[in-house]
Amino acid sequence: MRVAVGKYWSDWNHKDDLTTEQKFNVIEVYLGEKYRGKAGRYDHDIAILKLDRLIILKPIIMPVCLDKGYTFRLDQRLDAIGTVVGSGAIKPFGDASKELRVAWFSVRDFYSCFEKATITSDKFCTGSSNESSSLQEGDSGSGITFHTISEGYERYFIYGIVSSKKRTLNNEVDIFTNVTFHREWIDRVLKRIETELMEFIPI
């Protein structure tokens, strides 16, 4: 498996990405502890990828913040608008976008979402009746980030990963895996990777 950062075009070898992209081999995949795919209703639909080398940060390649201390409680900020960037299909069952596109979504109350989509406890959802701003095939795995001021600094925190979608006649519910719900698992995996890396540092 290979992944890339710093890309704008979905074409893996697009010439206009050559000066900004970085490509990596994935050497290990850490799956969510209870992930069972569709049979488990996509519960714990999250993974951490271990790459073959470090990502070099640049103005076009920057990390997103991971909230470990409830800096931004989604259940208390249902008016908050999240941003999703992806290259999924432009319309239902259509072709994938050739370039990155951005859309904005507001979070729904968990229980109203549960009534429409029967989501698992590690999920939250957004929704829109406007097809142009809904998530489509190919957007899975994209993050939803929220802008906030933390410790006096302007930051973007990732709170969800696009998981699945529930369609009805008059509405669509976009379902996200709640990253904060899995923060303890994320910490354990990162600690394990850090320990493994320390074993290879020359003395």
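This structure is a prediction, so every number in the text was calculated from the model and none was measured. (Residues numbered from 1 in each chain as written. Predicted model: local features only at pLDDT ≥ 70, side-chain atom pairs only at ≥ 80, totals over all residues. Heavy atoms only, no water.)

**Describing the packing of aromatic side chains**
A full pass over the atoms with the stated rule returns 5 aromatic pairs. Here the aromatic rings of phenylalanine 146 and tyrosine 159 are separated by 5.9 Å at their centres, their planes lie at 75°, and the arrangement is edge-to-face. Residue phenylalanine 146 is found in strand S8 (residues 143-150), and its partner tyrosine 159 is found in strand S9 (residues 153-167); the two are separated by 13 residues along the sequence. When sorted by exposure, phenylalanine 146 lands in the same class as tyrosine 159, which is buried. Here the aromatic residues Phe146, Phe157 and Tyr159 are joined through ring pairs into a cluster of three or more. (Phe/Tyr/Trp six-rings, centres within 6.5 Å; stacked < 30°, edge-to-face > 60°. Helix = DSSP H or I, 4+ residues; strand = E, 2+ residues; numbered from the N terminus. Buried < 20%, exposed > 50% of the residue type's maximum accessible area, 1.4 Å probe, protein only.)

**A look at the pairing of strand S3 (residues 47-51)**
Of the two faces of S3, the one holding Ile48 and Lys50 is buried and the one holding Ala47, Leu49 and Leu51 is not buried anywhere. Across 5 bridges, strand S2 (residues 22-31) lies against S3 in antiparallel orientation. By the bridge assignment, glutamate 28 is partnered in S3 with lysine 50. (Pairing = 2+ DSSP bridges.)

**Examining the pattern of salt bridges**
Taken as a whole, this structure holds 11 salt bridges when the rule is applied. Between arginine 188 and glutamate 33 there is a salt bridge, with the nearest N and O atoms lying 2.7 Å from each other. One end of the pair, arginine 188, is in helix H2 (residues 183-198); the other, glutamate 33, is in the loop between S2 and S3, with 155 residues separating them in the sequence. Accessibility expressed as a relative area gives 45% for arginine 188, which makes it partly exposed. Between glutamate 196 and lysine 50 there is a salt bridge; the shortest N-O distance is 2.8 Å. Of the two residues, glutamate 196 is situated in helix H2 and lysine 50 in strand S3; the sequence distance between them amounts to 146 residues. A single burial state applies to glutamate 196 and to lysine 50, both of which are buried. (Salt bridge = Lys/Arg side-chain N within 4 Å of Asp/Glu carboxyl O.)

**What to know about the environment of aspartate 109**
Along the chain, aspartate 109 turns up in the loop between strand S6 (101-106) and helix H1 (110-117). Residue aspartate 109 is classed as partly exposed on the basis of its relative accessible area, which comes to 35%. Within polar-contact distance, the side chain of aspartate 109 engages the backbone nitrogen of tyrosine 111 at 3.0 Å. (Polar contact = N/O pair within 3.5 Å; in protein donor to acceptor, adjacent residues only side chain to side chain.)

On their own, these measurements won't tell you what the molecule is for.
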